[in-house]
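Chain by chain, the residues run as shown.
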Amino acid sequence: MRIGYARVSTCDQSTALQLDALREAGCTHVFEDKITGISRKRPGLEQALRLIGQGDELVVWKLDRLGRSLRHLTDISEQLHSKGANFVSLADGIHTGTHVGDFFFHILGAIAEFERTLIIERTRAGLTAARRRGRSLGRKPKLSPADIASARAMMAGGMKAAAVAERLAVGRATLFRAIQREVNK
C-alpha cells in the first residue's frame, strides 16, 4: 500500500500540487499537515506512520515536505525500516528500498538541513543589518504616542482602562503594554 503525505508551512499555502502528484502515484491514503517542517508534532504524519505496515511505502512529493532536520528524517527512516516499510520521494527520485536510494535519502536530508541553517543565518544577518541602520522591525504599534498620552489623561480623569481601550479600539493588554513602553523610554 502506498500512503501519501503532504505538508505546507503555513495555512495560506496550498497542498493541491502535492496531493495531485500523490494520487497520481497511486497513494490509497493521503494525509496532510499545514505546519513548519521542523515541528515534531504533525498530526497528519503521525496518522500516516501509524497506518503504515510491512511492505508499505510512505510517499511524499519532495523530501523537504517530510522534514527539514536530518535527525527527524533519520528517525522517520528508522521507524519505517523497523516496520518493514520504505520511503519514496517522487520529485527527488528516492526509494529507500534500495541501498542507493537509502544513501540518497540521507544525503538529501543533510542538504535540506544545511539549506535551512543557511536561511536562518541569512535572515539573522539581515535583521541585524536593518537594526544597525535604525529600522524598526516587527509590527507597527497600534497606539501612537498621542493616543497613549490621551489614554493616560482619560485614566487619570477616572475613566476605567477597559473603557479607554474600547474607545481606542485595542485590548486592555495592548493599552497597558503601550503605556509601559512609554514609561520605560
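Residues numbered from 1 in each chain as written. Predicted model: local features only at pLDDT ≥ 70, side-chain atom pairs only at ≥ 80, totals over all residues. Heavy atoms only, no water.

Turning to the overall build of the protein, a few remarks are in order. Summing up its helical and strand segments, the protein has 8 helices and 5 strands in all. In the protein, the succession of α and β elements from N to C terminus is β-α-β-α-β-α-α-β-β-α-α-α-α. The C-alpha atoms of the protein give a radius of gyration of 25 Å, which is well past the 16 Å a tight globule of 185 residues would have. Projecting the C-alpha coordinates of the protein onto the three principal axes gives extents of approximately 75 × 35 × 25 Å. When each of the 185 residues of the protein is scored for burial, the buried share is 32%. Taking the intrachain contacts of the protein between residues at least 6 apart in sequence as the baseline, contacts between residues at least 24 apart amount to 63%. For the protein, the exposed surface amounts to about 11,400 Å²; the carbon and sulfur share of it is 54%. (Helix = DSSP H or I, 4+ residues; strand = E, 2+ residues; numbered from the N terminus. Rg over C-alpha atoms; globule rule 2.2 N^0.38 Å. Buried < 20%, exposed > 50% of the residue type's maximum accessible area, 1.4 Å probe, protein only. Contact = heavy atoms within 4.5 Å. Areas by Shrake-Rupley, 256 points an atom, 1.4 Å probe, with all protein chains shown as cover.)

Counted according to the given criterion, the structure contains 2 aromatic pairs. Consider the rings of Phe 87 and Phe 105, whose centres lie 5.0 Å apart with planes at 65°: the pair is edge-to-face. Here Phe 105 lies in helix α5 (residues 99–132) and Phe 87 lies in strand β4 (residues 86–89), a separation of 18 residues in the sequence. Taken individually, Phe 87 and Phe 105 each receive the classification buried, so the pair is uniform in this respect. (Phe/Tyr/Trp six-rings, centres within 6.5 Å; stacked < 30°, edge-to-face > 60°.)

Attention now goes to a nonpolar patch on the surface. A surface patch of nonpolar side chains, amounting to about 480 Å² of accessible area, comprises Val 100, Phe 103, Phe 104, Ile 107 and Ile 111. Among the secondary structure elements, Ile 107 is positioned in helix α5. (Patch = residues over 30% accessible without salt bridge, like charges linked within 9 Å, V, L, I, M, F, W, Y side chains within 5 Å. Salt bridge = Lys/Arg side-chain N within 4 Å of Asp/Glu carboxyl O.)

Attention shifts here to the confidence of the model for the protein. Detailed conclusions should not be drawn from predicted coordinates in areas where pLDDT is low. A residue-level look at the protein finds 99% of positions with pLDDT of 70 or above and a mean pLDDT of 90. The least confident element of the protein is helix α4 (residues 70–82), whose mean pLDDT is 86; the most confident is strand β3 (residues 57–60), at 96. (pLDDT = per-residue confidence, 0-100.)

Looking now at unusual backbone geometry. Of note, the phi angle at Ala 169 is positive, near 60°, even though the residue is not glycine. Its location among the elements puts Ala 169 in the loop between α7 (161–167) and α8 (172–184).

Now for the pattern of salt bridges. Here the structure, examined in full by the defined rule, presents 4 salt bridges. Among the ionic pairs, Asp 64 bridges to Arg 65, the shortest N-O distance being 3.2 Å. Residue class for Arg 65 comes out buried when judged on its relative accessible area of 13%.

What follows is about the side chain of Gln 18. Among the structural elements, Gln 18 can be located in helix α1 (residues 16–24). Residue contacts for Gln 18: discarding those within four places in its chain leaves Ala 6, Arg 7, Val 8, Trp 61 and Arg 65.

Sheet architecture is open: 5 strands sit in the order β2-β1-β3-β4-β5, paired in mixed fashion. One side of each edge strand has no neighbouring strand; the edge strands of this open sheet are β2 (29–34) and β5 (94–95). Two elements, β4 and β5, share 2 bridges in a ladder whose sense is antiparallel. Its bridge partner being in β5, Ser 89 is matched across the sheet by Ile 94. With respect to the sheet, α1 is in contact with β1 (2–8), β2 and β3, its orientation differing from that of β1 by roughly 170°. Relative to the sheet, helix α2 (residues 43–51) contacts β1, β2 and β3, its axis offset from that of β2 by approximately 155°. (Pairing = 2+ DSSP bridges. Axes fitted to C-alpha atoms, helices over the stretch in contact; angles between N-to-C directions.)

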